[in-house]
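# Overview (structure and organization)
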Amino acid sequence: MLKKSQYVNVVYTTFILAFLLASPNTFSGNIQFNISFSEFILKNASPLISQIENQKGLGYNSLKKQITDLGCNPDVLLSPAILEQKEAYQFHSNLMKALEPCAVKRDTKKDIKQLLSDKEPYLIIAGESLKSPMSYFGHSLLLFLDEEDFYFSPVISVLAPTENLTATEQLLKGGFLKIPAEINAIPLHQILDSYNNRESRKLKFIKLPDSHFDKDKIIGFFDDKLSNTLTYNFFTENCSTYLYEALAYSCNCFDEAPNIITPVFLEKKVQETVNTNRFEINSLFHNFNTEYKKLSAKERVDVSDMFSNPKSVNPENGNNAGKVAVLASRLSFESYGRPNDSYGEILDTFGKKDSLQLKIPLNQKSDDRDLDGLSVSSAKIYFKKDSLSVQLSAVDFDHFEQRSQHYLSSKLTAGVIEIYEDNGSAIVETLDILNIRSVTPLNFVTRTPSWKLRIGADRTKSDTLQPLVSAGLGAGFNVFQFMFYSLPSIELSHSVTFPIYSGIEFKSDVLSIKYETKNNSEQSLTLYKRQSSSFSYEYKITKHDTTTQQIAFSYYF
């Protein structure tokens, strides 16, 4: 017979075991998840009104789901007080008042496993930003998609809060030391607002199928990290580093992680592992330029007039011009922070009904063209009449060398060395620590200067390798498929000079062409063909003191 103390121990142990087995999520971590319900309604009032009237659309579906979760009847959306209201602030006010009697207060602290477990994981890759070509390294996040509640689906992001750090501290501590990091859960509508609209980045959503990636392990990885003290370094321990570790843990199909992991590297590894379904949501900048190109000459004039003159805003200008005027106004305000004089009139007249998706974009497989921007390094071999040289680039990103359509012309290379052979010796021809050129076409909306920066060294006529720092600021514009730019610059080498770099670029699926000049005394013409995501070839003729020709073959990896 058990003694009393033994009996107590047995009962207590049995209770604990039963409790643990019955409640697998009991000790999972909590994460803050504020859905920002009121913000979503106010910012998207116009498209929500339209979708409620038609009783279809992802915004309408998400709104119904959240109202149900509040403990209210979603039929409140069909009441006259809501349906008859067209003004954004009044629509928001009326809807929030209608929900007050029934809404229950929801805890913003969520059990991470319960929050994520019934949803489908997607890798999100944010494209380059308008504000910096360096951001082609971008940002990576994990979406756990609820198809019935698209806009409030949780997105997991690892970030370093830098609000209390100066720009210098961010550079020094984030680049060379470590700063504290945290795991955040953010509703998808805020991600779209931040990246798609304010930063005007394209977002790629890549499905992580359960045939390769164990969703429970992904969630478990971040659950464990919630109880750890996390650190962040822009190069060796960034957002993509944590996501790479999570995905590697869930599939056991990745190689050993390199020291530096970028979003494009992460995307490439996932695509190499499984060519999975994906969908994209284009940036505000891309949507404006695409729709603007479709307009007739008269419609373009109408859009420009409406944008700058409130008295020109007229519904008789047509739906096409009105739609583009809305995109132009939103781009100016949301991405550039410059509200135009007609912003209110244009949105009141034409609305922004298309700013919320009607349905989830069609999933598709990626093709070879989609991989052009994922190989971040290159090796090039140049054949001239009497010589041969080799160029190696640790980072090589150039819109001109990609087959997909871009309305920007950005170039970023770093860690570049070109070597040629001379009498059995290897001679360094050029070095680039960093070389950036960012050309944004000017129009009545963008008003953004183009610029360049190069830090490196060139071999001079006296056969010495001369250090060089060059910076330029100018303008670019496009006409049809042609991109024009001119960049007056200052260069510091053996002396200070003030050259002007100019160029014209033309891109097509068959052949891409660019013509570049420096002070009109140095000229070059390049014919370029991207054969695949890994290979390309080009012919280039250069005229300086003499005329030279070369053929180049490039391998991207």
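None of these values were measured; they are calculated from a predicted model. (Residues numbered from 1 in each chain as written. Predicted model: local features only at pLDDT ≥ 70, side-chain atom pairs only at ≥ 80, totals over all residues. Heavy atoms only, no water.)

### What to know about the packing of helix 11 (residues 239-251) against helix 12 (residues 263-273)
The N-to-C vectors of helix 11 and helix 12 enclose an angle of 20°; their axes lie 9 Å apart at closest approach. When the axis of helix 11 is compared with that of helix 12, the two are roughly parallel. Relative to helix 12, the crossing made by helix 11 is left-handed. On helix 12, the residues that touch S240, L243, Y244 and L247 of helix 11 are P263, F265, L266, K269 and V270. (Axes fitted to C-alpha atoms, helices over the stretch in contact; angles between N-to-C directions. Helix = DSSP H or I, 4+ residues; strand = E, 2+ residues; numbered from the N terminus. Parallel < 35°, antiparallel > 145°, perpendicular 65-115°, else oblique. Left-handed = near helix turned anticlockwise from the far one by under 90°. Contact = heavy atoms within 4.5 Å.)

### Topic: helix 3 (residues 45-54)
For helix 3, the buried fraction is high: seven of the ten residues fall into the buried class. A45, P47, L48, I49, S50, Q51 and I52 are the residues of helix 3 that are buried. Those residues of helix 3 hidden inside the fold are in contact with helix 2 (37-43), helix 4 (58-69), helix 5 (80-83) and helix 6 (88-99). (Buried < 20%, exposed > 50% of the residue type's maximum accessible area, 1.4 Å probe, protein only.)

### Regarding the pattern of salt bridges
For the structure shown, the criterion picks out 31 salt bridges. Among the ionic pairs, D223 bridges to K113, the shortest N-O distance being 3.7 Å. Linking D223 in helix 10 (residues 215-226) with K113 in helix 7 (residues 112-116), this pair joins segments that are 110 residues apart in sequence. By relative accessible area, D223 is classed as buried at 10%. A relative accessible area of 25% means that K113 is categorised as partly exposed. (Salt bridge = Lys/Arg side-chain N within 4 Å of Asp/Glu carboxyl O.)

### Quick word on the pairing of strand 3 (residues 120-126)
The buried fraction of strand 3 amounts to six of the seven residues, a majority that puts the element mostly inside the structure. Bridge count for strand 3 against strand 4 (residues 139-145) is seven bridges, and the pairing is antiparallel. Its bridge partner being in strand 4, P121 is matched across the sheet by F144. Pairing geometry for strand 3 and strand 7 (residues 203-207), over five bridges, is antiparallel. Directly across from A126, in strand 7, lies its bridge partner L203. (Pairing = 2+ DSSP bridges.)

### So, the environment of G322
Here G322 lies in helix 15 (residues 319-335). For the pair formed by G322 and A45, sequence separation is 277 residues and the distance between their alpha carbons is 18 Å. Other than its neighbours up to four places away in sequence, G322 contacts M306 and F350.

### Remarks on a negative patch on the surface
A cluster of acidic residues, E120, E147, E148, D210, D214 and D216, forms a negative patch on the protein surface. Residue placement: D210 occurs in the loop between strand 7 and helix 10. (Patch = residues over 30% accessible without salt bridge, like charges linked within 9 Å, V, L, I, M, F, W, Y side chains within 5 Å. Areas by Shrake-Rupley, 256 points an atom, 1.4 Å probe, with all protein chains shown as cover. Lys, Arg positive; Asp, Glu negative; His and termini not counted. Charge placed at Lys NZ, Arg CZ, Asp CG, Glu CD.)

### Concerning the state of the cysteines
In the structure shown here, the tally under the stated rule is two disulfides. In this model C72 forms its disulfide with C102; the gap between the sulfur atoms is 1.9 Å. Where C72 bonds to C102 through sulfur, the torsion about that S-S bond is close to 105°, and the disulfide is right-handed. One end of the pair, C72, is in the loop between helix 4 and helix 5; the other, C102, is in the loop between helix 6 and strand 2 (109-111), and 30 residues separate them in sequence. C251 shares a disulfide with C253; S-S distance 2.1 Å. Handedness of the C251-C253 disulfide follows from its S-S torsion of about -95°: it is left-handed. Free cysteine: C239, not disulfide-bonded; nearest cysteine sulfur from C251 at 18 Å. The class of C239 is buried, set by a relative accessible area of 4%. (Disulfide = S-S within 2.5 Å.)

### Points about the pairing of strand 7
Across the five residues of strand 7, four count as buried, placing the element largely inside the fold. Alignment of strand 7 against strand 9 (residues 277-281), held across four bridges, turns out to be antiparallel. Note on strand 9: the bridge partner recorded for K204 is E280.

### Points about the environment of S140
Topologically, S140 is positioned in strand 4. In this structure S140 touches L123, I124, I125, C239, S240, L243, P263 and L266, once residues within four positions along its chain are discounted. Polar contacts involving the side chain of S140 include one to the side chain of S240, which spans 2.7 Å. (Polar contact = N/O pair within 3.5 Å; in protein donor to acceptor, adjacent residues only side chain to side chain.)

### Looking at the sheet that holds strand 10 (residues 364-365)
Taken in spatial order, the eight strands make up an open sheet running 8-6-5-4-3-7-9-10, and their pairing is antiparallel. Across the chains shown, the open sheet's two edge strands, defined by having one partner strand only, are strand 8 (230-232) and strand 10. Against the sheet, helix 9 (residues 188-198) makes contact with strand 3, strand 4, strand 5 (154-159), strand 6 (179-187), strand 7 and strand 9, and its axis sits at roughly 115° relative to strand 6, the strand it touches most. Sitting on the sheet, helix 12 is in contact with strand 3, strand 4, strand 7 and strand 9, with an inclination near 140° to strand 3.

### What about the packing of aromatic side chains?
The full count for this structure, using the stated rule, is 23 aromatic pairs. Put simply, the rings of F37, F40, F150, Y151 and F152 pair up and form one aromatic cluster. Cation over ring: R300 sits above Y292, and NZ or CZ is 4.9 Å from the ring centre. Seen from the ring of Y501, K452 lies directly overhead, with NZ or CZ sitting 4.6 Å from the centre. (Phe/Tyr/Trp six-rings, centres within 6.5 Å; stacked < 30°, edge-to-face > 60°. Lys NZ or Arg CZ within 6 Å of the ring centre and 35° of its normal.)

### Thoughts on helix 6
Look at helix 6: 17 Å from first C-alpha to last across twelve residues, which is about the 16 Å you get at 1.5 Å a residue. Those residues of helix 6 that are buried are in contact with helix 2, helix 3, helix 4 and helix 5. Two or three places before Y89, at the start of helix 6, stands the capping residue E87, its side-chain oxygen 3.1 Å from that residue's backbone nitrogen. (Expected span 1.5 Å × (residues − 1).)

### A closer look at the side chain of K514
Along the chain, K514 turns up in strand 20 (residues 512-518). Buried within the structure, K514 lacks any salt-bridge partner; its nearest side chain of opposite charge belongs to E516, at an N-O separation of 4.2 Å. Not counting residues within four places of it along the chain, the set of residues in contact with K514 comprises D398, F400, I504, E505, S524, L525 and T526.

### Side note on unusual backbone geometry
With phi around 55°, Q55 is a residue other than glycine that occupies positive phi space. Relative to the helices and strands, Q55 resides in the loop between helix 3 and helix 4.

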